[in-house]
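# Structural overview
These are the residues of each chain, in order.
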Amino acid sequence: MDILSVDSGGFSYNAKCGGDVRLIPLYASGMSLIVLLLQLAVSRKVESVYACEFIGCILYSPFATTTILHREDIRDWSFPAAFFYASVLSAISLFNYQWSPTTTRHNILLLLVLFRIYATGTSGLSSLPPNPTRYIRRRVLMAQTRLNHNHSDIHTVIYPSSICTREPKNPMKEPNPEQTASIFSLMFYFYLDSIIVKAGRVEHLAYDDLPPLPDYDCAAYLEEKGFRCHLDIQAGVKRRHLFFRLLRVFAKEHVLECVAIVVDVLTSFISPIAVNRILSYLEHDNTGITPWFWILWLFLGPLLYGASQLAYSFIVNKVSVNVQSLLMQLVFEHCLRIRVRADSVEGGKEGDGAGKLSNLVTTDLSNVAGAMHFLLPLFVVPLQITLGVVFLYNVLGVSAFVGLFVMLALAPVPRFIVNKLGVVHAEKMKKTDARVQVVTEVVNVLRMVKMFAWEGRMDERIRERRKAELDVLWKGRLYDMLSVTTNYVIATFIMLSTFAFYTVVMKQELTASKVFSSTPVFHLIRMQFYNFSSMINQVVRAKVSLDRLDEFLTHTELLDCYSVTRESCAPVGVVGFRECAFAWSEEGTMFRLSVKGEVVFRRGGVNLITGPTGAGKTSMLMALLGEMHFIPTTPDAWFNLPREGGVAYAAQESWVLNDTIRNNILFESAFDQERYEKVLRQCALEQDIELFDAGDLTEVGERGLTLSGGQKARITLARAIYSSAEIILLDDVLAALDAHTSKWIMEECLLGDLVKGRTVLLVTHNVALVRPVAHFVVTVGLDGGVSAEALVPLGCLPSNLEVLKDVKDTTVESVEDKPTKSDGKLIVTEEIAKGRVGWKALKLFLSALGGNYPVIFFAVWMVGIVSADVGMTLQTWYLGFWGSQYEGGGPVKASYYLSVYSLILVVTVLLRTMTVVHYAVGNVRASRIIHNTLVASILRSTLRWLDKTPVSRIITRCTQDMGAVDDPLAQAWSAVVEVVVSAIIRLGSVVIITPVFLVPGVGIAVLGSWAASVYLKAQLSVKRETSNAKAPILAHYGATVAGLVSVRAYNMQNTFKQELLSRIDHYSRVARISWDLNRWIAARMDFLTALFTASLASYLVLTRSANAANTGFSLTVALEFCSLILSSVRMYNDFEVQSNSLERIQGYIEIEQEKPSRRMGGRLLLGLLVGICVLRGCRRSIRFPEVLHGLSFHVRSGERVGVVGRTGSGKSTLTLALLRCILTEGHVYYDGIATDKINLEALRSGITIIPQMPELLSGTLRKNLDPFDEHDDVVLNAALKHAGLFSLQDDSDEVRITLDSNVASGGNNLSVGQRQIIALARAMVRESKLLILDEATSAIDYKTDVLIQDALRSKLSSDVTVITIAHRLQTIMDADKIMVLDAGNLVEFESPEVLLRKEDGVFRNLVDNSGDSAALRDIAFGKNRIG
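Residues numbered from 1 in each chain as written. Predicted model: local features only at pLDDT ≥ 70, side-chain atom pairs only at ≥ 80, totals over all residues. Heavy atoms only, no water.

## Some words on the overall build of the chain
Scanning the chain from N- to C-terminus turns up 47 helices and 24 strands. Considering only residue pairs separated by 6 or more positions, the chain has 82% of its internal contacts joining residues 24 or more positions apart. As presented, the chain carries roughly 58700 Å² of accessible surface, and 59% of it is formed by carbon and sulfur atoms. (Helix = DSSP H or I, 4+ residues; strand = E, 2+ residues; numbered from the N terminus. Contact = heavy atoms within 4.5 Å. Areas by Shrake-Rupley, 256 points an atom, 1.4 Å probe, with all protein chains shown as cover.)

## Some thoughts on unusual backbone geometry
The phi angle at D1269 is positive, at roughly 55°, despite the residue not being glycine. On the secondary structure map, D1269 appears in the loop between α40 (1261–1265) and α41 (1273–1283). Positive phi, normally seen in glycine, also occurs at D1400, with a value near 60°. Within the element layout of this structure, D1400 appears in the loop between α45 (1392–1396) and α46 (1402–1408). When its relative accessible area of 78% is taken as the criterion, D1400 is described as exposed. (Buried < 20%, exposed > 50% of the residue type's maximum accessible area, 1.4 Å probe, protein only.)

## Thoughts on the pairing of strand β11 (residues 776–780)
Most of β11 is tucked away, with four of its five residues classed as buried. When strand β5 (residues 606–610) meets β11, the two strands line up parallel, connected through four bridges. Counted as the bridge partner of N607 is F776 from β11. (Pairing = 2+ DSSP bridges.)

## A word on the packing of helix α30 (residues 854–884) against helix α37 (residues 1108–1149)
Two elements in contact, α30 and α37, have axes whose closest approach is 8 Å; the angle formed by their N-to-C orientations is 155°. When the axes of α30 and α37 are compared, the pair comes out roughly antiparallel. Read as a crossing pair, α30 and α37 show a hand that is right-handed. Each of T873, T876, W877, G880 and S884 in α30 lies in contact with α37, whose residues at this interface are A1109, F1113 and T1116. (Axes fitted to C-alpha atoms, helices over the stretch in contact; angles between N-to-C directions. Parallel < 35°, antiparallel > 145°, perpendicular 65-115°, else oblique. Left-handed = near helix turned anticlockwise from the far one by under 90°.)

## Overview of the sheet that holds strand β22 (residues 1361–1365)
Spatial ordering of the open sheet is given by β18-β21-β22-β15-β23-β24, a layout of six strands whose pairing is mixed. Each having just a single partner strand, β18 (1247–1250) and β24 (1385–1390) make up the two edges of the open sheet. Across the sheet, the axes of successive neighbouring strands diverge by a mean angle of 15°, strand direction being ignored. When strand β23 (residues 1377–1382) meets β24, the two strands line up antiparallel, connected through five bridges. Considered in β24, the bridge of M1379 is made with F1389. Where helix α42 (residues 1312–1326) meets the sheet, its contacts fall on β18 and β21 (1330–1334), and the angle it forms with β18 comes to roughly 175°.

## Points about the side chain of E627
Inspection of the secondary structure assignment puts E627 in the loop between α22 (617–624) and β6 (629–632). Judged by relative accessible area, which is 2%, E627 ranks as buried. Side chain to side chain, E627 and R1048 meet in a polar contact 2.5 Å long. Setting aside anything within four residues of it in sequence, one finds E627 in contact with R339, V340, L559, W584, M622, V1045 and R1048. (Polar contact = N/O pair within 3.5 Å; in protein donor to acceptor, adjacent residues only side chain to side chain.)

## Focus: the packing of aromatic side chains
Scanning the entire structure with this criterion turns up 38 aromatic pairs. Considering the side-chain rings of F577 and F582, the 5.5 Å spacing of their centres and the 75° angle between planes classify their relative orientation as edge-to-face. Under the relative-accessibility criterion, F577 is labelled buried at 0%. An angle of 75° between the planes, with centres 6.1 Å apart, marks the rings of F601 and F776 as edge-to-face. Linking F601 in the loop between β4 (592–600) and β5 with F776 in strand β11, this pair joins segments that are 175 residues apart in sequence. Each member of the pair, F601 as well as F776, is classed as buried. The structure contains a cluster of three or more aromatic residues connected by ring pairs, namely F577, F582, F601, F630, F639 and F776. (Phe/Tyr/Trp six-rings, centres within 6.5 Å; stacked < 30°, edge-to-face > 60°.)

## Quick notes on a nonpolar patch on the surface
On the surface, L998, V999, V1002 and V1006 cluster together into a nonpolar patch covering about 350 Å² of accessible area. Along the chain, the position of V999 falls in helix α34 (residues 998–1042). (Patch = residues over 30% accessible without salt bridge, like charges linked within 9 Å, V, L, I, M, F, W, Y side chains within 5 Å. Salt bridge = Lys/Arg side-chain N within 4 Å of Asp/Glu carboxyl O.)

## Comments concerning the nonpolar core
In this structure, L242, L327, I665, I721, L730 and W882 are the most contacted members of the largest nonpolar core, which totals 193 residues. With 21 residues, the top contributor of residues to this core is helix α36 (residues 1053–1103). Beyond its immediate chain neighbours, meaning those up to four positions away, L327 contacts L242, L246, L365, V368 and L549. In this structure, F845, V1201, L1216 and I1222 belong to the second largest nonpolar core, which totals 81 residues. (Core = buried A, V, L, I, M, F, W, Y, C linked by side-chain atoms within 4.5 Å.)

## Structural notes on the pattern of salt bridges
Within the structure shown, the criterion is met by 47 salt bridges. One salt bridge connects E469 with R435, and the closest N-O pair in it is separated by 2.6 Å. A residue pair is termed long-range when its members are at least 10 positions apart, and E469 in helix α19 (residues 455–505) and R435 in helix α17 (residues 412–444) qualify at 34 residues. Residue R435 is classed as buried on the basis of its relative accessible area, which comes to 2%. With a closest N to O distance of 3.4 Å, D471 and K467 form a salt bridge. Of this pair, D471 and K467 both sit in helix α19, four residues apart, which is roughly one turn of that helix. Residue K467 is classed as exposed on the basis of its relative accessible area, which comes to 53%. If you follow the salt bridges from partner to partner, you end up with E178, D217, K318, R1072 and D1076 in one network.

## Let's talk about the environment of P950
As for its position among the elements, P950 is in the loop between α32 (943–948) and α33 (951–993). The class of P950 is buried, set by a relative accessible area of 6%. Between the alpha carbons of P950 and P1032 there is a distance of 9.6 Å; along the sequence they are 82 residues apart.

## Quick word on the layout of surface pockets
Of the voids in this model, the second largest pocket is the one considered here, and its volume is about 930 Å³. Taken together, 41 residues form the lining of the second largest pocket, with L624, L625, G626, L641 and R643 sitting closest to its centre. Of all the secondary-structure elements, those providing two or more residues to the lining of the second largest pocket are α21 (560–563), β6, β7 (638–640), α23 (661–666) and α35 (1044–1049). Split into classes, the residues belonging to the lining of the second largest pocket amount to 23 nonpolar, 11 polar and seven charged. (1 Å grid on protein atoms, 1.4 Å probe; cavity = no way out; pocket = protein on both sides within 12 Å on 5 of 7 lines; lining within 4 Å. Points joined across faces, edges and corners; volume = space filled by probe spheres on them. Nonpolar A, V, L, I, M, F, W, Y, C, P; charged D, E, K, R; others polar.)

## Re helix α8 (residues 193–201)
Taken as a whole, α8 has its buried residues at I195, I196 and A199. Along the axis of α8, the buried positions cluster into a sector of 100°, meaning they face one direction only. Buried residues in α8 make contact with α34 and α36. (Arc of directions from axis to C-beta.)

The structure is reproduced here in structure tokens:
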């Protein structure tokens, strides 16, 4: 019942509601005043106020005064009093910043109360008789109501909110505009206007120009919110599928999404209802309600619909970024817990390993993030279809249920296709994993590939995997096309069956108002089928990815400390084992370390661990660190490594971060200059650091590529020594060091003050050197058995050792005061393209898409698109034409029109299908060509480019960016062309009916284009930053996994997690802005759509220039035209955004390449006789200083040359120069021909180099020895025998290594010594005429080394030239010549006997101070006597 009504005197009040309503404003004002006074007693500071609040309230007073002009009751003054009080509150808000928020909120509530009273009083306005006085008073009341409504509601939504923060007591210094934006600003993204304006003023919107990340989106907060409570199973979370765990984390957001979805569905029917009422007015000239009311709703409908979509998108996009953040944390946390070799001991499945991990955090995370709209097919589709059927029932009667029956009958067809699509996508992901695994592996060993001239063959291997992937991709394209076509046909058939039943069976007239009001609803149903198909495809991909993630998180073997709960019975503080065994996995049988009895290492002293190659010395350290699976053999079995005082670890494969030398040594420890300088001195790093222009601020590059093996080893050692850990584990750190440096380390480091009192466990083969300083020795046998021997009681060691006389006792220059010549930067910051997508990148895609006959391809494609779209427009027009036949009043043969309409439909579907298939062929071709071009370019890059390019960037190009080319880019380009063609055809259709709207239509297009241009400039900058923000995350993953044992040994997991959180926040900051900018343009385009459609409807209603059928056709097509403008902007934006991947690929296609191979000299190296080297200078690149200076020497065919020199003297650089891998000044001649004149592939094919850290491929041992199946097993087994492998194992051993043994990626399931033996066997199989051994036996025990050297002397052909770089002098003492390098200079080059007779010679000095000079002289002179 109304509490306020209008009569001739003004207002009359109804007291039946329980009191006089005139007192309500006074009550509200009084309560507000009381509460306000209480609040002001504890007032708070404020941020802003609005002057419009005060002005608006002042304007109420005249209107309110009119309500009491004819009243004498004092209660009638309540309204003016309330408005006066509201004005006072506004004034306080305007002039007092401290009280502004409180008074403003009171004002809003008061105005809403007043609006409720006024709005109720207008309910009877429409029934007032046309009396002038009453008309005036009605207008006054309407003005009051409108003003009060506008001010109260608009004030509510535009008033800025207080900062929304997760930590009110510790807010952000600079909040994100999103956190302070009003409801109105949030709804329509006005808070992003400043970003758009800024983007228009600069060439590129840099990362620092973007708003900060809201603190509730920070990775640390998300970890606190959901990671520990709902996701991490190790934290006690219930073991459920990952999907349900994520669902619980974002339950609140999903509820809000459902609310937005309901509003979205309801508002989608506003436009069809308005069109129905307008056309009914044109048909019958009287509908009871003025058409202008429906034209108004035709304007408001799209705005409300767009606002609900914007609200939904805001929530979904936020959740999408947050889900990626959480999953990246979850995968990283899990990586920190997995057993390093658990998945590689028995060999891996196809696609396992680093490639799978890269795919998990790129493709799979993208799939999951792209399916955050999973609620749409669950809620929108059934709700939209249900309301659509209700609407159709009101328009078309029971025929609507016929369409519903047809829909239900055909529903299994899309489901069947979706199931097939899921199977295909799962298969595609497996093929992608396999390809990514191969690409990752090849990129990681790319230097080896280039040195062996395997580029072409590795290219073929990658192409085979790519072909298998594209075959499945093609199958998926066909299923996608079938899914889309089926859903379109089903939706259209539903409409056709409904119309057929309505006209043929029910004998009803299908008028224009019924056709064009039902057609948009059928279009909505059709779009739901299409969206259902599209969303289901995404959901299926996401399900496959979630299953893969869940499998990785739940089925990967973890360390015992995470998977096994076992009480330790170990004595407190001891380091050792008792009655136990260790394996690399719970089910692994390949290797087992056994400890019988008790082995306890000496605390506070040096403990030596020794044994033959492959016996398990490294495994003993891994067992102590908890990296291996513990198998107790007796009830009182135990192992223990006290962690309280800290543990430091130096791996055999030196692990360094892509950072400066200083940061690698500090490793997050506090910088102590005095201690740091001592560490540099004791680890013999002073002279090395002086060689770098930037000193210890020099970046070492990815995997330490700018350092020699010895330098990396000493930096790793320095890290352990600098730490404050009580226990230090050193895994063969002396293997890469020369005799000088090794003795210096023994004297200054292991006996130095920084190690004194600390427990050291040292693995080494150099027993003779280390034994004098050792307190305890543990020997590991080939059978995995362990024996121990105590040497010297603690404290009884000699005070010092005899130190080499030529080692200078130099003082370390102060690190902080040392001047530097450069900043030491190596890794170049990834370049970001600026402006629009370049033609060169676009040409790369279009030329690959068109193939060999681009003109024919694009001509056929365009004809198909235009024909299919004309057919779709003709369908809409023909329905109107059919409806117009009923206006004449004569009989209409419905079956005829149904037949023609069906024919148009069939032809359109056929054209559309053929066009899609034609484009899919080009799409697959483009994917193949671009991928092959990219891989070929990378394989033929130079070492200089590899030095400054992180592997993670290369892998990102081959995974994430190629994934964009395979699917999103191709689909976006197709969508752009199709949408633009459709928009042109729709605009032409409107202009044909209403020519006057050519100018407004073009105007709308121009406005839309302008808005799109300013939007795209901002979006492209942000998207490029987003693409580049992903690579650092992948690099951090790679670096952490590579040094996982070291990270866990140093207990640095939290530090690395914090670094990951920082990089994730960097990514989330740009990703959030990218998503929000997409909705900013949508809000503006929704307004243009509403404006154009309402204007067209107004014109058609005013002029009556077209009949109802043409009017309905114009309105329908106009709505489609406007939506297509928005779609074109979105699609073009998607294309530009995805083209960023194309630009990045194009950039890697244009990288620096090695000179192409020449035809000349293709077979010269098969008969190499003489090698002459004249090098005036050698350097890795122009940016690097010279390493070799003025070398000139001559080597005859069949000679054995030994190369010695201290670490960093240029020995490895010389080998690169011989292979033409680096810049050289001067020439290297083979058979009198300079290497720059010889075919590069032939040059490297005829030379085999064995690096100190050999690189192996995943697969069987046979595949590593003979990757291309060129030799039989007899040759391979002979090579293994000569290389010394069989001497390390017994034929009866069940776990012995054979040709069928699996080798993990990089050879991670083998010891370094075993890898060196395999690399040596591979070199023997190649039968090269020049064999270069670069510390190839440094990790092999002395006994096996002797066997290998004997094999090299006796088994190689007499014309094979061998150049051996070694720190072990016994390895090269029987060489024909010895080359001594020092600081890049050739200081000696003669036979060993000549050099040994040379007084004060460098080589003689090395031998005399080796500790084994007599034996070395016997080898040298004995060989001379034999010769």
